[in-house]
Protein chains: 2
Amino acid sequence: MPSFPERATVREVGLRDGLQSVRTVLPTERKKAWIRAAHAAGQREIEVGSFVPVKLVPQLADTAELVEYAKTLPGLVVSVLVPNLKGAERALASGADLMLLPLSASRAHSLANLRKTPDEVIAEAGRIRAARDAAGAKTLIEGGIGTAFGCTIQGEVKESEVLRCLQGLLDAGVDRVSIADTVGFAGPGAVRGLFEQARKVAGERFCAGHFHDTRGLALANVYAALETGVDRFDASLAGIGGCPYAPGASGNVASEDLAFMLQGMGIATGIDIERLLALRADVAAWLEGETLHGTLWRAGLPSTMPRQAVAVHASADA
Amino acid sequence: MPSFPERATVREVGLRDGLQSVRTVLPTERKKAWIRAAHAAGQREIEVGSFVPVKLVPQLADTAELVEYAKTLPGLVVSVLVPNLKGAERALASGADLMLLPLSASRAHSLANLRKTPDEVIAEAGRIRAARDAAGAKTLIEGGIGTAFGCTIQGEVKESEVLRCLQGLLDAGVDRVSIADTVGFAGPGAVRGLFEQARKVAGERFCAGHFHDTRGLALANVYAALETGVDRFDASLAGIGGCPYAPGASGNVASEDLAFMLQGMGIATGIDIERLLALRADVAAWLEGETLHGTLWRAGLPSTMPRQAVAVHASADA
């Protein structure tokens, strides 16, 4: 049997992937409270927003302010999504630790979502790398390959095309790559197969998986990915999320359910799940009327599960 | 990486584990329609009820009639739950193909649920085996070890105690054994660990896993179990189920979600998922007001998934 990593990261994307797909526009102060409480609960990587044109995603117009705020929290890796060079320039100016450039392996989805072919996105990655180097900035560049397991518009997406895009991004100079099941088509067998290949191509530079729970398989997919050595997963508190350009692609894996599974497997996440559940309750109240997901919050932690020691994080929060 | 089985069985337990835990008493004719449609959709193992005292579980009072009906469907393995020798005698008289004797590895849960210690249940298994042999019946005896990953009443349940009960049941003469996470405490790491040990003790006679989705991990648990070679899983249509004596233990893994995961992995189940989803819609209407679960029904099958060829089953249904 393959071994599991000792530690894994639950990267919170609820403030970006989640909030861009709900009707509620969360006030900046509430977003800051979310980031603060997520950090206090032990989360150490948070995608706080995206530098897309404000008229397209007005919910995320305060991204620069959120980056500035999040950077004040000790040990927090602050990431943003950037669709292109222009967004990357804003990310570099904001001082974000990491910028995620999405690339759709589905050509049809790529044209609908980014108005570029996959190869045009790869070329943009090269320009972003040049801009980063010219600025002398430390902001990491992550290429995130979406619709990697199929696409609601195009249908099948070939594994060879995903791996070609992945290699293309690496050649263009991104620091690392991740793979996303943008529309919830993936099952654990497909994840195992593709992630094993991606590890062969990118090694440790293949850094994360991003799964939607559209058909209930997100946690099984994470388990399969863990067995290939991947140890970072995007997740949204209360499972909010989706893609406005991919119909039916509702719900990222819920951060609290993911942390519960990982810690139950003896994989350290640094997260105090009770605190995360308390934050979930707050966010659920702020998002009243929106569709939320996740399962753990209903039943709570099993009586047999010891509460995670969080002395270090608790003191950082004080 | 471990290999997966080529085929796996989704054993339907919604008519027993599901219906015993909802308020609605489904009329016998509707239960027959459910069994008929499940068979037509390709399900070949169905637990149709239990031979417990009618006053305890009046919803399942028609079990003998359901066994008689289900036995008319070609190729269907008809199983029932029996709590003791008296129930086993009724099962033998009914002509069921298999009787499942539950044993709680948690002593506290065993006393609350069956009013017997685990060792007293093992002794009862011996008496059931003797009765089966005396009757010259072909009804298989399965010992199902519940609360194998912890218990809401007792808390921790030791792996060594689960394996001791498992060996005890085999020594008492059961034909095969299965393991259940009755209250939804299991995660995939624990499943892998215990199932590997159980395979070492029982080999092929360790035949099935039974997972509740109380905390969202049922499908990840199935995936972990598949890697240990287990190829039969209990499931309830629409995820109904639970244990009336284990508070909070809501929801078996949903049959339709499980079939979807398995078939997506290239593991044949013989199930036509579209038909199963149609049956789910019928059952949901019959159980109006009850809490249902599962995820696939909302999004439907991915456009990339070919519909399962079901010529054999379809003709059996004609």
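Model, not experiment: these values are computed from the prediction.

Draft legend 1. Inspection of the overall build of chain A at higher detail. Helix and strand content of chain A: 13 helices and eight strands. At 18 Å, chain A has a C-alpha radius of gyration in line with the 20 Å of a compact globule built from 318 residues. For chain A, buried positions account for 60% of its 318 residues. Within chain A, contacts between residues separated by at least 24 positions form 75% of all contacts whose residues are at least 6 apart in sequence.

Draft legend 2. The relation of the copies chain A and chain B, seen in detail. Relative to chain B, chain A is turned by 180° and slid 0.0 Å along the rotation axis, the superposed coordinates differing by an RMSD of 0.0 Å. A rotation of that kind, with that shift, is consistent with a two-fold axis. Across chain A, the smallest distance between a C-alpha and the rotation axis is recorded for A220(A), namely 1.9 Å. Here 100% of the interface residues in chain A have copies in chain B that are interface residues too; the copies meet face to matching face.

Draft legend 3. Region of interest: the environment of V162(A). All names here are of chain A. Turning to its location among the elements, V162 is positioned in helix α7 (residues 159-172). V162 sits 16 residues away from G146 along the chain, and the two C-alpha atoms are 8.8 Å apart. Apart from residues lying up to four places away in sequence, V162 is in contact with A105, I145, A148, V157 and L194.

Draft legend 4. Structural detail: the interface of chain A and chain B. Contacts between chain A and chain B engage 37 residues on the former and 37 residues on the latter. Sorting elements by how many residues they give to the side of chain A that touches chain B places helix α9 (residues 218-227) of chain A first, with five residues. Looking at the side of chain A that touches chain B, its residues break down into 16 nonpolar, 15 polar and six charged.

Draft legend 5. Molecular detail of the pairing of strand β1 (residues 9-12) of chain A. All names here are of chain A. Covered by surrounding structure in β1 are T9 and R11 together with V10 and E12, the residues of both alternating faces. In terms of strand pairing, β1 meets strand β8 (residues 232-235) through four bridges, oriented parallel. Bridge pairing links T9 to R232 in β8.

Draft legend 6. Spatial organisation of unusual backbone geometry. Residues and elements named next belong to chain B. You will see that R115, though not glycine, has its phi angle at about 55°, which is positive. For R115, the location among the structural elements is in the loop between α5 (107-114) and α6 (118-135). Residue R115 is classed as exposed on the basis of its 10 C-beta neighbours within 10 Å. In the Ramachandran plot, T147 falls in the positive-phi region, its phi being about 45° despite a non-glycine side chain. For T147, the location among the structural elements is in the loop between β5 (140-146) and α7 (159-172). According to the C-beta neighbour criterion, T147 is buried, with 30 such atoms within 10 Å.

Draft legend 7. Fine view of the nonpolar core. Ranked by internal contacts, the top residues of the largest apolar core, which has 201 residues, are L219(A), V222(A), L258(A), L219(B), V222(B) and L258(B). Excluding its chain neighbours within four sequence positions, the residues that come into contact with L258(B) are V10(B), L219(B), V222(B), F233(B), A235(B) and V253(B).

Draft legend 8. Fine view of helix α8 (residues 188-202) of chain A. An ideal rise of 1.5 Å per residue puts 21 Å on 15 residues; α8(A) measures up with 20 Å between its terminal C-alpha atoms. The positive-phi residue at the C-terminal boundary of α8(A) is G203(A), with phi of around 55°.

Draft legend 9. Representation of the packing of helix α6 (residues 118-135) of chain A against α7(A) within the structure. All names here are of chain A. For the pair α6 and α7, interaxial distance at closest approach is 8 Å and the crossing angle is 20°. Between α6 and α7, the crossing angle belongs to the class labelled roughly parallel. The two elements α6 and α7 meet at a crossing, and its hand is right-handed. Here α6 contributes P118, I122, A125, G126 and R129 to the contact with α7, which in turn contributes C165, G168, L169 and A172. When its residues are assigned to classes, the contact of α6 with α7 shows six nonpolar, two polar and one charged.

Draft legend 10. Just helix α3 (residues 63-70) of chain B, in detail. Listed as buried for α3(B) are T63(B), L66(B), V67(B) and A70(B). Projection of α3(B) onto a plane perpendicular to its axis shows the buried side chains occupying an angular sector of 105°, all on one side.

Draft legend 11. Layout of the pairing of β8(A). Of the strand pairs in this sheet, strand β7 (residues 206-211) of chain A and β8(A) are connected by two bridges, and their pairing is parallel. Looking across to β8(A), one finds that H210(A) is bridged to D234(A).

Draft legend 12. Quick look at the packing of helix α4 (residues 85-94) of chain A against α6(A). Residues and elements named next belong to chain A. At a minimum axis distance of 9 Å, the contact between α4 and α6 shows a crossing angle of 25°. Relative to α6, the element α4 lies roughly parallel. You can see that α4 and α6 cross each other, and the crossing is right-handed. Residue-level contacts link L85, A88, E89 and L92 of α4 to E124, R127, I128, A131, R132 and A135 of α6. Its residues assigned to classes, the contact of α4 with α6 comprises six nonpolar, no polar and four charged.

Draft legend 13. Geometry of the environment of G42(B). Turning to its location among the elements, G42(B) is positioned in the loop between α2 (28-40) and β2 (45-50). Sequence separation between G42(B) and F211(B) is 169 residues, and the spatial gap between their C-alpha atoms is 21 Å.

What counts and how
- Residues numbered from 1 in each chain as written.
- Chains lettered and ligands numbered in written order.
- Predicted model: local features only at pLDDT ≥ 70, side-chain atom pairs only at ≥ 80, totals over all residues.
- Helix = DSSP H or I, 4+ residues; strand = E, 2+ residues; numbered from the N terminus.
- Rg over C-alpha atoms; globule rule 2.2 N^0.38 Å.
- Buried ≥ 20, exposed ≤ 12 C-beta atoms within 10 Å, placed from the backbone.
- Contact = placed C-beta atoms within 7 Å.
- Least-squares fit on C-alpha atoms with pLDDT ≥ 70 in both.
- Nonpolar A, V, L, I, M, F, W, Y, C, P; charged D, E, K, R; others polar.
- Pairing = 2+ DSSP bridges.
- Core = buried A, V, L, I, M, F, W, Y, C linked by C-beta atoms within 7 Å.
- Expected span 1.5 Å × (residues − 1).
- Axes fitted to C-alpha atoms, helices over the stretch in contact; angles between N-to-C directions.
- Parallel < 35°, antiparallel > 145°, perpendicular 65-115°, else oblique.
- Left-handed = near helix turned anticlockwise from the far one by under 90°.
- Arc of directions from axis to C-beta.

These results come straight from atomic positions and should not be treated as a statement about function.
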